[in-house]
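Structural features, examined
Spelled out from the first residue to the last, the chains are:
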Amino acid sequence: RTKASPPESAEVGRAGHESCEIVGQLLAAGSFTAAVPAWLRGYEQDPGPHQAELLTLFVKSCGVEFTVTPERVEAGDVDRLVEECVATAESDGGLDLYGSRRGALRHFEVGVREFWDRVVRECHASGVLYEHNALFDSLLDLVLALSKTKVRLFRFAATLCGTQLITSMVHTVHVLSDMLEAAEKQLEAQQGRAGRAGSARMADLKQTAATAKHRQGHIDGLINKLFEPMVVVRFRDVAAEVRTMIIAAVGEWAAAYPEKFLADHYLKYVAWSLNDSAASVRRAAVGALRELYADQARHDALETLTDRYLDRFVQLGRDCDDDVALEALELLTTLYEHGLLEAADVEALEGLLMEPSAALRQASGRLVALTIPQGRGAADSFKHILAFASRLLEQCEVGEGEEDGVLLHILDALGPHVPVLRDWSAMAKATLNDELQQGRHADLLLKVIRAVVTSSCSEAGGSGRG
């Protein structure tokens, strides 16, 4: 992602040191995660101070030295709390804890994600997630409020926390689904068993199933509380790194919780981001879609999106950013392999076989090779290769004197994916075919074979592809 711009060094010196020290100590040696069970035990004994402690840790993870007291929590004035946090950041400065690549903070973002994941899992296991609504309500309210401030570091940290909370809640939904499924199977097996013990077992299983359903509904409510105010607003954030995080997360949720998120209502944010001005956001959107289309079971749910955005998928294969283009070519290859893309759609990308970038040539070669018919024999296969090469050279208006160099690029890209271009016996037989020894076919056949030999010799000699 794009690294956040650090504040002025003088401001960092005044406010950042204490936050860095406190949060960094928790992060060191995995203690960030290990601290959660101890915190939870304290919370169950005395909720007020430990609720304030959790909120304080969240605020400090935003890079500002600020303490949330139990009195502030009890007052419930989130807007006032956020105003004071912003004022502190503006007067004392803040520290970009996520931009550091040295020392204990170099893995800070990963540590923060692991911490919030552990919070959700531990609170689920203990029942606190369901029995103490005030805890997560206050946390989510503060996350949403800080995600809307003008302080970019606050928005980034709040979005990181919010997206991770949803990701962890999605995992919890799966745990509850497994619990519900197991209870229902046991209930079915228990049917018809007489006796007091059987009736008691039936009652226990029914209670387990009812609890799982109730908790699923509770989790969905928390997810909904976060999604609309955070995703709908932050996917238009002025900071590209925030938009990238949002879109990557939506794609992850759609794959992990398709019953809820694999729907146009959610996927439209990913689709709209295909036109984002930042390459990192476009790449995140394309990558999310590639993962979704990889599973054929999801294709029916993606039908509307496919029909509406297929042309844009193809355009992204020629994106001005090579990383985006490469991701798009992977997506298009997946679509073609699943029958969602036609050979005619790929023609617009055939010119990529002649690109200076070896990575683009190889990625496009894999896609284009799928569209070239495989013949019934060596000669037949070479006819298709020659017809393709001739058409491409003509469309791109390649001069006769440039054909050797261009063919070298084309066949270097196609070679790993077209079997006949690696079969020396087949190529030798093709030179003996009467039809291929005439006119333009003969000249092009020799140039193709020469290009294949040149490419193979370069590989054998260990020289890199340019």
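If you check helix H5 (residues 78–92), its first and last C-alpha atoms are 21 Å apart, about what 15 residues at 1.5 Å a residue would give, namely 21 Å. Among the residues of H5, those classed as buried are Val78, Leu81, Val82, Glu84, Cys85, Val86, Thr88 and Ala89. As for H5, its buried residues are in contact with helix H3 (47–61), helix H4 (70–75), helix H8 (133–146) and helix H9 (152–190). Where H5 terminates, the next one or two residues include Gly93, which has phi positive at roughly 85°.

Moving on, we get to the packing of H9 against helix H11 (residues 240–256). Running from amino to carboxyl end, H9 crosses H11 at an angle of 5°, the nearest separation of the two axes being 10 Å. If you check the angle between H9 and H11, you find them roughly parallel. Contacts between H9 and H11 pair Arg152, Phe156, Thr159, Leu160, Thr163, Ile166, Thr167, Val170 and His174 from the former with Glu241, Val242, Met245, Ile246, Ala249, Glu252, Trp253 and Ala256 from the latter. Broken down by class, the residue content of the contact of H9 with H11 amounts to ten nonpolar, four polar and three charged.

Let us look at the side chain of Glu327. The residue Glu327 is located in helix H16 (residues 322–337) in this model. The contact partners of Glu327, leaving out residues within four places of it in the chain, are Arg283, Val286, Gly287 and Arg290.

All right, on to the nonpolar core then. With 147 residues, the main nonpolar core has Trp116, Phe136, Phe261, Phe313, Leu414, Leu421 and Val448 as its most contacted residues. With 13 residues, the top contributor of residues to this core is H9. What Phe136 contacts, discounting residues up to four positions off in sequence, is Val119, Val120, Cys123, Leu129 and Met169.

What counts, and where the lines are drawn
Residues numbered from 1 in each chain as written. Predicted model: local features only at pLDDT ≥ 70, side-chain atom pairs only at ≥ 80, totals over all residues. Heavy atoms only, no water. Helix = DSSP H or I, 4+ residues; strand = E, 2+ residues; numbered from the N terminus. Expected span 1.5 Å × (residues − 1). Buried < 20%, exposed > 50% of the residue type's maximum accessible area, 1.4 Å probe, protein only. Contact = heavy atoms within 4.5 Å. Axes fitted to C-alpha atoms, helices over the stretch in contact; angles between N-to-C directions. Parallel < 35°, antiparallel > 145°, perpendicular 65-115°, else oblique. Nonpolar A, V, L, I, M, F, W, Y, C, P; charged D, E, K, R; others polar. Core = buried A, V, L, I, M, F, W, Y, C linked by side-chain atoms within 4.5 Å.

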